[in-house]
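Structural overview for review
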Amino acid sequence: MSERWLSERGQVLEAAKELEWLGLVAVSSGNVSVRVDDGSRPLVVITPMGLPYARMTAADVVVADFEGEPVEGERPPSSELNLHVAIYQARADARAVVHTHSINASVCAVAGLEIPPIVDEMVVNLGGGVRVAEYGFPSTRDLGDKAVTALGDRKAVLLRNHGLAVVGATLEEALAHCRLVERLAQIFLAARALGVVHELAPDVVETERAIYLMRLRAQRDAGS
Ligand SMILES: [Zn+2]
């Protein structure tokens, strides 16, 4: 295996295995990437297409350009490369993107239910409620563009009838957001089943969002 992007390929592999261990992805569903730069252009270090996580090694993790042309690695990149690239092109703060099919987030995505601001840590970390993107066919740029539109300046978006996509300034942050959204979706669905969902008060959301935006600006400045 080439020496280039070795550490990033290892980090992507570890993150993918952790997601599977946490039950947020299964077999080969979902995908993980980080954005790197070779000095002249941005590249994406991403899990390969269709390979079960249990058998995946760092050598299977692919480095590709934004058009999907391979730079390192023998395997084709994840079929959702377009989703990752669309997010990286729209968001200078995005250094990592993770896409999962976690159950509770997927239930909200299927029901077309935005997860409203219901827990304090949500707005500070994700920027507000988690919206549902318009439907886009898997693997297409259209799916990526619709995800970007619904994502706005937030850290997570539900992909209608599909799953979840999250953004992180680091891979660690993106993994934490995947866990947070799944927990929020579970809380929201349970409260909704009880028939009572009290959202955070608008002034609280406003204050927490101001904190979020301050951090986001710093991440954007560091990432651009
Ligand atoms: Zn998917």
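Going by the structure above, here's the rest.
Not measured: the values here are computed from a predicted model.

Cut-offs and rules
Residues numbered from 1 in each chain as written. Predicted model: local features only at pLDDT ≥ 70, side-chain atom pairs only at ≥ 80, totals over all residues. Heavy atoms only, no water. Helix = DSSP H or I, 4+ residues; strand = E, 2+ residues; numbered from the N terminus. Buried < 20%, exposed > 50% of the residue type's maximum accessible area, 1.4 Å probe, protein only. Contact = heavy atoms within 4.5 Å. Pairing = 2+ DSSP bridges. Right-handed = clockwise from strand over helix to strand, strands pointing away. Donors = N, O, S within 2.8 Å, 3.2 Å for Na, K, Ca; no water. Axes fitted to C-alpha atoms, helices over the stretch in contact; angles between N-to-C directions. Parallel < 35°, antiparallel > 145°, perpendicular 65-115°, else oblique. Left-handed = near helix turned anticlockwise from the far one by under 90°. Nonpolar A, V, L, I, M, F, W, Y, C, P; charged D, E, K, R; others polar.

Structurally, Asp60 is set in the loop between strand S2 (42-46) and strand S3 (62-65). When its relative accessible area of 12% is taken as the criterion, Asp60 is described as buried. In contact with Asp60, not counting residues within four places along its chain, are Pro48, Leu51, Arg55 and Arg75.

Glancing now at the sheet that holds strand S6 (residues 132-133). What the eight strands build is an open sheet, ordered S4-S3-S2-S1-S5-S8-S7-S6; its pairing is mixed. The outermost strands of the open sheet, each flanked by one partner alone, are strand S4 (70-72) and S6. Pairing of S3 with S4, which is carried by two bridges, proceeds in the antiparallel orientation. Note on S4: the bridge partner recorded for Val63 is Glu72.

The alternating pattern of strand S7 (residues 156-159) places Ala156 and Leu158 on one face and Val157 and Leu159 on the opposite face, and all of these are buried. Direction of pairing for S6 relative to S7: parallel, over a ladder of two bridges. The partner of Val132 across the bridge, within S7, is Leu158. Following the backbone out of S6, through helix H5 (residues 141-151) and into the adjacent parallel S7, one traces a crossover that is right-handed. Sheet topology places S7 next to strand S8 (residues 163-168); four bridges connect them, and they run antiparallel.

On to the coordination of the zinc ion, then. Distances from the zinc ion to its protein donors, His99 (NE2), His101 (NE2) and His162 (NE2), fall at 2.0 Å. Residue class for His101 comes out partly exposed when judged on its relative accessible area of 32%.

Here the focus is the packing of helix H1 (residues 6-21) against helix H6 (residues 171-194). Two quantities define a packed helix pair, namely the angle between the axes and the distance from one axis to the other. The N-to-C vectors of H1 and H6 enclose an angle of 15°; their axes lie 11 Å apart at closest approach. Here H1 lies roughly parallel to H6, going by the angle between them. Here H1 and H6 pass one another in a crossing that is right-handed. For the pair H1 and H6, contact is made by Gln11, Val12, Ala15, Glu18 and Leu19 and by Leu171, Leu175, Cys178 and Arg179, respectively. Grouping the constituent residues of the contact of H1 with H6 by class yields six nonpolar, one polar and two charged.

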